[in-house]
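# A look at the structure
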Amino acid sequence: MLLILLGPPGAGKGTQAEEIANEYDIAYISTGDILRKAVKENTELGRKARQYMDKGQLVPDELVVEIIKARLMDPDCKNGALFDGFPRTVEQALFLENALPDLNLKIDRVLSLEVEEDDLIERLTGRRVCSDCGASYHLKFNPPEVRNVCDICGGDLYQRDDDRLETVQERMEVYKKQTEPLIEFYQKRGLLSTIDGNQEINEVQKQIKNILEKL
Ligand code: ADP
Ligand code: AMP
């Protein structure tokens, strides 16, 4: 099974992803997580990507395509994958479309999470992320049980550099210009399901599961 979580930064993709991937026994692939790890480890990829990420811009398609090609070869992708934050441009979507037949995969559903821009900004500026496992929390909407400590692995929580207000505004613009066209792209292919991302986290999860049960 191959699923894509589409939506603007802060829509709740990462929050929903792990549970869906576990339920369907498919790999969870977040290009943002892969890139942040590369930056932290100061690899060649990380050094190239950082300049774009710090500014809230997209990393060049060539780099992202290489990440995906390599990642889809991993054994945990044998049953498929759930993409979070990929594809983010029409070029990336076309690459994926062309690469899938050789891998005996096809896209089953694109889940588009919709949230108003003002709410997105509040979500992103209040987001806190685990430095060990990447789990996502919110100071107000989804606080951890113990302040600044991850409920899942006990890691320290931190604020992503690109979640500061100035960068968040740039990321919103980048989303509108480069990623939003993918809604129409997948609608035309009959693959799109739209989800109201303004509901409580559990409600969003339920709505996603309802859609996937009918596949
Ligand atoms: P994305 O992966 O789409 O960028 P996240 O899943 O990291 O977004 O969510 C962004 C922020 O919004 C996080 O702080 C998260 O805790 C919070 N959040 C996620 N879903 C909801 C929701 N349904 N209602 C309120 N806050 C949410
Ligand atoms: P995310 O964790 O999905 O919010 O991504 C954080 C940052 O990583 C983005 O602002 C981009 O700079 C970069 N990034 C993640 N995924 C992609 C992608 N598919 N294409 C280009 N850049 C990406």
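Before reading on, note that the structure itself is shown above.
Residues numbered from 1 in each chain as written. Chains lettered and ligands numbered in written order. Predicted model: local features only at pLDDT ≥ 70, side-chain atom pairs only at ≥ 80, totals over all residues. Heavy atoms only, no water.

Taken together, the neighbourhood of ligand 1 is formed by 19 residues, with T15, R127, S136, Y137 and Q199 sitting nearest. Here an oxygen atom of ligand 1 sits 2.8 Å away from a polar atom, N or O, in the main chain of G14. Note that a nitrogen atom of ligand 1 is positioned 3.3 Å from one of the side-chain N or O atoms of R123. Compared with its free state, where it exposes 560 Å², ligand 1 has 92% of that area covered by protein. For the shell around ligand 1, the secondary structure elements donating two or more residues are α1 (13–24) and β6 (136–138). (Near = heavy atom within 4 Å. Polar contact = N/O pair within 3.5 Å; in protein donor to acceptor, adjacent residues only side chain to side chain. Areas by Shrake-Rupley, 256 points an atom, 1.4 Å probe, with all protein chains shown as cover. Helix = DSSP H or I, 4+ residues; strand = E, 2+ residues; numbered from the N terminus.)

We now examine the sheet that holds strand β7 (residues 157–158). The strand order across the open sheet built from three strands is β6-β5-β7, with neighbouring strands paired in antiparallel fashion. Each edge of the open sheet carries a strand with a single partner, namely β6 and β7. Bridging between strand β5 (residues 127–130) and β6 involves three bridges; their strand directions are antiparallel. Its bridge partner being in β6, R128 is matched across the sheet by Y137. Each of β5 and β6 is contacted by helix α6 (residues 117–125), which is oriented at about 45° to β5, the strand it contacts most. (Pairing = 2+ DSSP bridges. Contact = heavy atoms within 4.5 Å. Axes fitted to C-alpha atoms, helices over the stretch in contact; angles between N-to-C directions.)

Summed over the entire model, instances satisfying the criterion amount to two aromatic pairs. Ring centres of F83 and F86 lie 5.2 Å apart, and the angle between their planes is 65°; on these two criteria the pair is classed as edge-to-face. When the centroid spacing of 4.9 Å and the interplanar angle of 80° are considered together, the rings of F185 and Y186 count as edge-to-face. Y186 matches F185 in its accessibility class, with the two residues each being buried. The cationic tip of R189 hangs over the ring face of F185; the distance from NZ or CZ to the ring centre is 3.7 Å. (Phe/Tyr/Trp six-rings, centres within 6.5 Å; stacked < 30°, edge-to-face > 60°. Buried < 20%, exposed > 50% of the residue type's maximum accessible area, 1.4 Å probe, protein only. Lys NZ or Arg CZ within 6 Å of the ring centre and 35° of its normal.)

Core analysis: the largest hydrophobic core is formed by 33 residues, its most contacted members being I29, F83, L96, I107, V110 and Y186. If you list the elements that add at least two residues to this core, you get β1 (2–6), β2 (27–30), α3 (44–55), α4 (61–71), β3 (81–84), α5 (90–99) and α8 (181–188). Top contributing element to this core by residue count: α4, with five residues. Beyond its immediate chain neighbours, meaning those up to four positions away, L96 contacts I4, F83, F86, P87, I107 and Y186. By size, the runner-up hydrophobic cluster in this structure holds 21 residues, among which are A17, L113, L124 and M172. (Core = buried A, V, L, I, M, F, W, Y, C linked by side-chain atoms within 4.5 Å.)

Moving on: the site of ligand 2. Taken together, 16 residues lie near ligand 2, and T31, R36, Q57, G85 and Q92 sit nearest. In the environment of ligand 2, an oxygen atom lies 2.6 Å from a nitrogen or oxygen atom belonging to the backbone of Q57. With respect to ligand 2, the side chain of Q92 contributes an N or O atom lying 2.9 Å from a nitrogen atom. Taken by itself ligand 2 offers 480 Å² of open surface, and the protein chains cover 96% of this. Residue contributions to the shell around ligand 2 peak at four residues, all from helix α2 (residues 31–40).

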